[in-house]
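The lines below spell out each chain.
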Amino acid sequence: MHLSKPILFNILRYVLLLVILGTVVFIFANSMLPPAKSAEQSDTVKDIIVEILPDDSKAESFVEEYIRKIAHFTEYGLLGVEVAVYLMLFSRRSWRTLATGLLTPFFVGFTDETIQRFSGRGPSIDDVWIDVGGFVLFYILALAVLFAILLAIKMIRAKINSNLNEREKKNG
């Protein structure tokens, strides 16, 4: 069975939307954990990371102190990449689209901290700003990489078309 480009494009769109939704569900599910379970998870991840780092390093003490902040930054960074890819592939490339994408971490971050409030953990506006920072950094990096890829494809196509036109003139 052969699928047409529009069908494959729509499948990719829905798969990417499911990935984005899965990331948001992961973020919210972690916020619903009771404080003791959340601390246990953080300690497990911290222990794994500290094992990799050199003993008594500044990186090790940084990780031990800021593991939860690193987690916020990283999971929202992943979300930023996903949203950037989705918007670059499936929407008009405009300032409005860029702005809409940049509103995502505020909405998800404030919702995330609200969930924490009701799960017995303390919400933090600082965490929202860390979330936004991770999202925006990775969002912009992803857009830059995607833009570079699209530019390279455009240049390659132009070179191929130029070569084909030259051949047609010679054979013409």
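Refer to the structure printed above.
Position labels on residues start from 1 in each chain and follow its written sequence. A pLDDT threshold of at least 70 governs which residues receive local features in this predicted model, and a stricter bar of 80 or more applies before side-chain atom pairs are shown or counted, although totals over entire chains, interfaces and linings include all residues. Water and hydrogen atoms play no part in the side-chain values, which are based on all heavy atoms of the structure.

Caption draft 1: The arrangement of the packing of helix H4 (residues 95–118) against helix H5 (residues 125–171) in detail. Relative orientation of the contacting elements H4 and H5 amounts to 150 degrees, with a least axis distance of 9 Å. With respect to H5, the element H4 is oriented roughly antiparallel. Along this stretch, H4 crosses H5, giving a crossing that reads as right-handed. From H4, Thr97, Leu98, Gly101, Leu102, Thr104, Pro105, Phe106, Gly109, Phe110, Asp112 and Glu113 reach across to H5, where they touch Ile125, Asp127, Val128, Trp129, Asp131, Val132, Phe135, Val136, Tyr139 and Leu143. We call Asp, Glu, Lys and Arg charged. Ala, Val, Leu, Ile, Met, Phe, Trp, Tyr, Cys and Pro are nonpolar, and the rest, Gly among them, are polar. Taken together, the residues that form the contact of H4 with H5 break down as 13 nonpolar, 4 polar and 4 charged. What counts as an axis is a line fitted to C-alpha atoms, over the stretch in contact for a helix, and the angles between N-to-C directions run from 0 to 180 degrees. Strands are runs of DSSP state E lasting at least 2 residues, helices are runs of H or I lasting at least 4, and numbering of each runs from the N terminus. Geometric relationships in this document are graded by angle, where less than 35 degrees denotes roughly parallel, more than 145 denotes roughly antiparallel, 65 to 115 denotes roughly perpendicular, and other angles denote oblique. Crossing handedness follows the turn of the near helix against the far one: under a right angle anticlockwise gives a left-handed crossing, and clockwise gives a right-handed one. By definition in these notes, contact holds between two residues if any of their heavy atoms fall within 4.5 Å.

Caption draft 2: Quick look at the side chain of aspartate 112. Locating aspartate 112 in the fold gives a position in helix H4. Within the structure, the side chain of aspartate 112 is placed 3.2 Å from the side chain of tyrosine 76, a separation counted as a polar contact. Once residues within four sequence positions are removed from consideration, aspartate 112 is found in contact with Ile27, Phe28, Ser31, His72, Tyr76 and Asp131. In protein, a polar contact requires one atom able to donate a hydrogen and another able to accept it; more generally it is a pair of N or O atoms within 3.5 Å, and residues adjacent in sequence count only if both atoms are side-chain atoms.

Caption draft 3: Highlighting the nonpolar core. Joining through side-chain atoms within 4.5 Å is the link that ties buried Ala, Val, Leu, Ile, Met, Phe, Trp, Tyr and Cys residues into a set, and such a set is a nonpolar core. Each residue's exposure class comes from its accessible area (1.4 Å probe, protein chains only) as a fraction of the maximum for that residue type: buried when under 20%, exposed when over 50%, partly exposed otherwise. Counting 20 residues, the largest nonpolar core has Leu79, Val83 and Tyr139 as its most contacted members. Those elements that provide at least two residues to this core are helix H1 (5–31), helix H3 (58–90), H4 and H5. With 8 residues, the single largest contributor to this core is H3. For tyrosine 139, the residues in contact, after removing those within four places along its chain, are Gly80, Val83, Ala84, Leu87, Thr97, Leu98, Gly101 and Leu102.

Caption draft 4: Local environment of the packing of H1 against H3. One way to put it is that H1 packs onto H3 with a least axis distance of 10 Å and a crossing angle of 160 degrees. One way to sum up the angle between H1 and H3 is to call them roughly antiparallel. Along this stretch, H1 crosses H3, giving a crossing that reads as left-handed. On H3, the residues that touch Phe9, Leu12, Arg13, Leu16, Leu17, Val19, Ile20, Thr23, Val24, Phe26, Ile27 and Asn30 of H1 are Glu75, Tyr76, Leu78, Leu79, Glu82, Val83, Val85, Tyr86, Leu89 and Phe90. Grouping the amino acids of the contact of H1 with H3 by side-chain chemistry returns 17 nonpolar, 2 polar and 3 charged.

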